[in-house]
Amino acid sequence: MNLVELTRATVRLGGQTVLENVDLSVRAAEILTIVGPNGSGKSTLLRTIIGAVKPSAGQVVRKPGLRIGYVPQKLHIDPTLPLTVRRFLSLPEHVSDTAAAEALDHAGAECLSRQQMASLSGGQFQRVLLARALLSKPDLLILDEATQGLDQPGSAAFYRQIETVRRELGCAVLMVSHELHVVMAASDRVICLNGHVCCEGAPEHVASAPEYRALFGTGTQGALALYRHEHNHSHDHEHAHDHGHSHDKDRAAS
């Protein structure tokens with residue numbers, strides 16, 4: 001079965017209909033991206049999937065025993081608080097050194113364990129949040145605007161790490177982001193949301209759909225093709241022996 005299945009889910013908050021008749025499935029081991037303008041209900045959709053919001057109509061079905069890891073937009077930590085990365089990973093519950101090291105390694109942050117949280121760069125901080133989300137060995141990893149505030153190279157590097165996480169751990173990934181061409185290039189499937197599902201499919205299909213262009217214009221399609229081309233030539237050599245389908249997808253798109 002799918003990890004999560006929404007059927008005609010409608011969410012009303014404060015008398016307003018935020019989501020209406022949303023049909024959505026999250027499949028095992030896929031990278032699924034939700035895109036949409038401000039106010040389109042993306043964060044509400046994530047909260048509905050997690051279970052923090054209950055639909056007013058329709059239903060949400062989660063696979064029994066589903067483990068979810070969550071990487072938030074931001075997390076404020078008092079900069080005067082002496083808190084190392086290793087100690088942060090053991091809040092609120094202690095985790096073993098082995099589990100912490102493994103999570104940091106998967107997040108591409110293996111050298112940060114003894115660093116103070118307050119001294120981390122934006123990209124390092126997000127990788128530590130990613131490591132924390134991976135501690136539970138999730139079946140589904142959810143990222144809500146996880147690279148907000150990072151520059152484009154930093155965002156691209158983070159999303160390449162997400163592809164690595166999916167390949168190494170086999171978890172599904174559900175992402176929301178405004179960085180359309182970067183996040184879509186790392187995706188297997190894209191859903192365009194504007195209170196309802198406008199269109200969905202492979203990134204190239206969605207980028208050329210009239211509904212998507214009406215919301216975002218036509219520039220992203222060219223940026224998507226350029227990013228995929230550069231991504232393929234810049235990184236194929238790193239994984240020449242990989243058999244993960246994400247890089248086959250890149251080659252097919254170039």
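What counts and how
Residues numbered from 1 in each chain as written. Predicted model: local features only at pLDDT ≥ 70, side-chain atom pairs only at ≥ 80, totals over all residues. Heavy atoms only, no water. Pairing = 2+ DSSP bridges. Helix = DSSP H or I, 4+ residues; strand = E, 2+ residues; numbered from the N terminus. Axes fitted to C-alpha atoms, helices over the stretch in contact; angles between N-to-C directions. Expected span 1.5 Å × (residues − 1). Buried < 20%, exposed > 50% of the residue type's maximum accessible area, 1.4 Å probe, protein only. Contact = heavy atoms within 4.5 Å.

Two orientations exist for strands paired in a sheet by backbone hydrogen bonds: parallel and antiparallel. An order of β2-β1-β4 is seen for the 3 strands of this open sheet, with the pairing classed as antiparallel. In the strand order of this sheet, the two ends are held by β2 (16-26) and β4 (57-62), each with one partner. Each strand of the sheet is rotated relative to its neighbour by a mean of 25°, with strand direction disregarded. Bridge analysis of strand β1 (residues 4-13) against β2 gives 7 bridges, and the strand direction is antiparallel. Bridging from a neighbouring strand, Val4 pairs with Val26 of β2.

In this section: helix α5 (residues 152-169). Taking 1.5 Å of rise per residue, 18 residues should cover 26 Å, and α5 covers 25 Å from first to last C-alpha, within 8% of that figure. Among the residues of α5, Ser155, Ala156, Phe158, Tyr159, Gln161, Ile162, Glu163, Thr164, Val165 and Arg166 are the ones counted as buried. One or two residues past the end of α5 sits Gly170, with phi positive at roughly 75°.

What follows concerns the environment of Cys171. Mapping Cys171 onto the fold places it in the loop between α5 and β7 (172-176). On the basis of relative accessibility, which here comes to 1%, the residue Cys171 falls in the buried class. With 102 residues separating them in the primary sequence, Cys171 and Gly69 have C-alpha atoms 9.8 Å apart. Residues within four places of Cys171 in sequence aside, it is in contact with Ala29, Pro138, Asp139, Leu141, Val165 and Arg166.

In the segment running from Leu91 into Pro92, the intervening peptide bond is cis, with an omega of 0°. At Asn21, a position not held by glycine, the phi torsion is positive, near 50°. In this fold, Asn21 is placed in strand β2. Not every positive phi belongs to a glycine, and Glu145 is a case in point at roughly 50°. Structurally, Glu145 can be placed in the loop between β6 (140-144) and α5.

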